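Notes for the structure review
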Amino acid sequence: MQEGKEDWFDVDGEKALKEDRSGLLESGLGGQIAAQLAGTVYARTKQDAASFVNFYARVDYFRPYFDVDLPTVLKRIVLSLVPFPRNVPKEELYGPLMILFTLIFVLQMLMSGEEKEILMGIAFGTCASFTVFNLLSVHLLNYLFGSECNFIQLLFFLGYSYFGLCLSLVLRFVLWLAHQTALPTTQLAAAIVLASGTSLALSLYRTTPKRNLGAAVGLYAALLYFGFALYLHSLVHLPHDAAGPAPSVPADPVIEAPSLAHAANDAPAEAPADAPADVPADAPVDAISDAPADVPTGKGA
């Protein structure tokens, strides 16, 4: 009996020892997994922090391009309308981007026929697509022709040239409302666009060492600019275009004065020449027929 009890206690002790060992093994494996997870989280956090620092460094890279004061921006806006060669200024992106957003807003306000959200999408897509195409194509020509104009400087020139488009669209609409005629407003808008496009072409011409290649780049950019201006003006509907032709008002009937021929036809017939002069007008017909005829005067004799 006693030996059986000892064997029973020994068996239970071995079972308890095995359970303790398995628990220790499981706790050790869980600690390793927890340590690996903590290491992974730490590495990911460190990577995110490094990417944030890199992003901040990239933002710092663009910070000098937005360090500009308002008088300088206004001066460059005015000079963008002057088609004369001048020194290439230090490029910045504040003015070009603000003018681009202004062009999108003006185009959306002057278009009609759709909801405002749809018009904003059309205006943004039109301006953004042309800007990207113009930048890529002209930058490729600058690279092939050995121009000194970099991508930021090209965006600087193109963005300030958009002020001519904004001004031409607004003046065309406002002057039409004031004068209700399209001829002088179209001529003024064409003159503004021509001045801005010429200024853009001259700016690109001056940044190319070889003048003949610079002239080709400037001419290409100016043609793109003029085509874009025509397309924008075709999107803008003046009030008479949106409302359609004015309804015709019936004219008042004109009462014509009777002509001499009509008066002669409507006049009462004259009495015959041989009718007696002393017969009253209201005399009966029998009295007129019985009246004696006039005696010939004898002039023929």
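Model, not experiment: these values are computed from the prediction.

**Some details on the overall build of the chain**
- Scanning the chain for helices and strands turns up 10 helices and zero strands.
- From first element to last, N terminus to C terminus, the chain shows the α and β order α-α-α-α-α-α-α-α-α-α.
- Classification of the 301 residues of the chain by burial places 26% in the buried group.
- Pairs at least 24 apart in sequence give 74% of the contacts found in the chain among residues at least 6 apart.
- Accessible surface, the chain: about 20900 Å² in total, of which carbon and sulfur atoms supply 66%.

**Examining the state of the cysteines**
- Evaluated as defined, the whole model comprises zero disulfides.
- Cysteine cysteine 127 is unpaired, with the sulfur of cysteine 166 as its nearest cysteine sulfur at 8.2 Å.
- Note on cysteine 166: relative accessible area 6%, which makes it buried.

**A short note on the nonpolar core**
- Grouped together as the largest cluster of nonpolar side chains are 42 residues, with contacts concentrated most on Leu103, Leu107, Tyr162, Leu165, Leu204 and Phe228.
- At the level of elements, helix H2 (70–79), helix H3 (94–110), helix H4 (116–145), helix H5 (151–179), helix H6 (183–206) and helix H7 (211–235) are the ones that each hand at least two residues to this core.
- A total of 11 residues in this core trace back to one element, the largest contributor, which is H5.
- If we skip the residues at most four places from it in the chain, tyrosine 162 touches Ile99, Leu100, Leu103, Phe130, Thr131, Tyr225 and Phe228.

**Concerning the environment of leucine 141**
- Tracing the chain through its elements places leucine 141 in helix H4.
- Distance from leucine 141 to glycine 214, taken between C-alpha atoms, is 9.5 Å for residues 73 residues apart in sequence.
- In this structure, leucine 141 is in contact with Val217 and Tyr220, ignoring residues within four places of it in sequence.

**Observations regarding the environment of leucine 144**
- Tracing the backbone through its elements, the reader meets leucine 144 in helix H4.
- Leucine 144 gets classed as exposed once you look at its relative accessible area, which sits at 56%.
- Linking leucine 144 and leucine 213, residues 69 residues apart in sequence, is a C-alpha distance of 9.7 Å.

**Some details on the packing of H3 against H4**
- Where H3 meets H4, the closest approach of the two axes is 9 Å, and the angle between their N-to-C directions is 140 degrees. Compared by their axis directions, H3 and H4 come out oblique. H3 and H4 meet at a crossing whose hand is right-handed. For the pair formed by H3 and H4, the contact residues are Leu100, Leu103, Ile104, Leu107 and Gln108 on the first element and Lys116, Leu119, Met120, Ala123, Phe124, Cys127 and Thr131 on the second.
- Its residues assigned to classes, the contact of H3 with H4 comprises nine nonpolar, two polar and one charged.

**Digging into the packing of aromatic side chains**
- Tallying each qualifying case throughout the model produces six aromatic pairs.
- Between the aromatic rings of phenylalanine 130 and tyrosine 162, the centroid separation amounts to 6.5 Å while the plane-to-plane angle is 45 degrees, which identifies the pairing as tilted. Linking phenylalanine 130 in helix H4 with tyrosine 162 in helix H5, this pair joins segments that are 32 residues apart in sequence.
- Its relative accessible area of 11% is what places phenylalanine 130 among the buried residues.
- Among the aromatic residues, those joined into a cluster by ring pairs are Phe130, Tyr162 and Phe228.
- Note that arginine 211 overlies the ring of tyrosine 205, its terminal NZ or CZ placed 5.3 Å from the centroid.

**Examining the side chain of serine 168**
- Relative to the helices and strands, serine 168 is located in helix H5.
- At 2.9 Å, the side chain of serine 168 and the backbone oxygen of leucine 165 are in polar contact.
- Excluding residues within four positions of it along the chain, serine 168 makes contact with Ala189, Ile192, Val193 and His233.

**Regarding the pattern of salt bridges**
- In total, this model carries one salt bridge according to the counting rule given.
- Residue glutamate 92 pairs with arginine 76 through a salt bridge whose shortest N-O separation is 3.2 Å. On the criterion of sequence distance, the pair formed by glutamate 92 in the loop between H2 and H3 and arginine 76 in helix H2 is long-range, its members being 16 residues apart. Across the pair, arginine 76 and glutamate 92 agree in class, each one buried.

**Quick notes on a nonpolar patch on the surface**
- A cluster of nonpolar side chains, contributed by Tyr61, Phe62, Phe66, Tyr94, Met98 and Phe101, occupies part of the molecular surface with about 610 Å² of accessible area.
- Contributing elements (two or more residues each) for the nonpolar patch: helix H1 (2–62) and H3.
- Broken down by element, the nonpolar patch gets its largest block of residues, three residues, from H3.
- Mapping tyrosine 61 onto the fold places it in helix H1.

Quick notes on the rules
- Every chain's residues receive numbers from 1 upward, in the order its sequence appears when written.
- With pLDDT at 70 or above as the cut-off, local features in this predicted model cover only qualifying residues; side-chain atom pairs require 80 or more to be listed or tallied, and sums for whole chains, interfaces and linings still use all residues.
- To obtain the side-chain values, all non-hydrogen atoms of the structure were included, while hydrogens and water were left out.
- Each helix is a run of H or I in the DSSP string that is no shorter than four residues. Each strand is a run of E no shorter than two, and both are numbered from the N terminus.
- Only protein chains enter the accessibility calculation, which uses a 1.4 Å probe. A residue is then buried if its area is under 20% of the maximum for its type, exposed if over 50%, and partly exposed in between.
- Here a residue-residue contact requires only that any non-hydrogen atoms of the pair lie within 4.5 Å.
- Each accessible area is a Shrake-Rupley result for a 1.4 Å probe, and residues are judged covered by the shown protein chains and nothing else.
- The rule for a disulfide is simple: a pair of cysteine sulfur atoms within 2.5 Å.
- The definition of a nonpolar core used throughout is a set of buried Ala, Val, Leu, Ile, Met, Phe, Trp, Tyr and Cys residues joined through side-chain atoms within 4.5 Å.
- Angles shown run from 0 to 180 degrees and are taken between the N-to-C directions of axes, each axis being a line fitted to C-alpha atoms and, for helices, limited to the stretch in contact.
- Roughly parallel means an angle under 35 degrees; roughly antiparallel, over 145; roughly perpendicular, 65 to 115; everything else is oblique.
- Handedness of a crossing follows from how the near helix is turned relative to the far one, being left-handed for an anticlockwise turn of less than a right angle and right-handed for a clockwise one.
- Gly counts as polar in this scheme, as do all residues outside two lists: the nonpolar Ala, Val, Leu, Ile, Met, Phe, Trp, Tyr, Cys and Pro, and the charged Asp, Glu, Lys and Arg.
- Note on aromatic pairs: the rings of Phe, Tyr and Trp (six-membered ring only in Trp) are paired at centre separations within 6.5 Å, and the planes decide the class, stacked below 30 degrees, edge-to-face beyond 60, tilted for the rest.
- The criterion is that NZ of a Lys, or CZ of an Arg, lies within 6 Å of the ring centre and within 35 degrees of the ring normal, and then a charge sits over that ring.
- We call two N or O atoms a polar contact when they sit within 3.5 Å, provided that within protein one can donate a hydrogen and the other can accept it, with sequence-adjacent residues counted only if both atoms are side-chain atoms.
- A carboxyl oxygen of Asp or Glu within 4 Å of a side-chain nitrogen of Lys or Arg is what we treat as a salt bridge.
- Residues enter patches when their relative accessible area tops 30% and they take part in no salt bridge; the joining distance is 9 Å for like charges and 5 Å for the nonpolar side chains Val, Leu, Ile, Met, Phe, Trp and Tyr.

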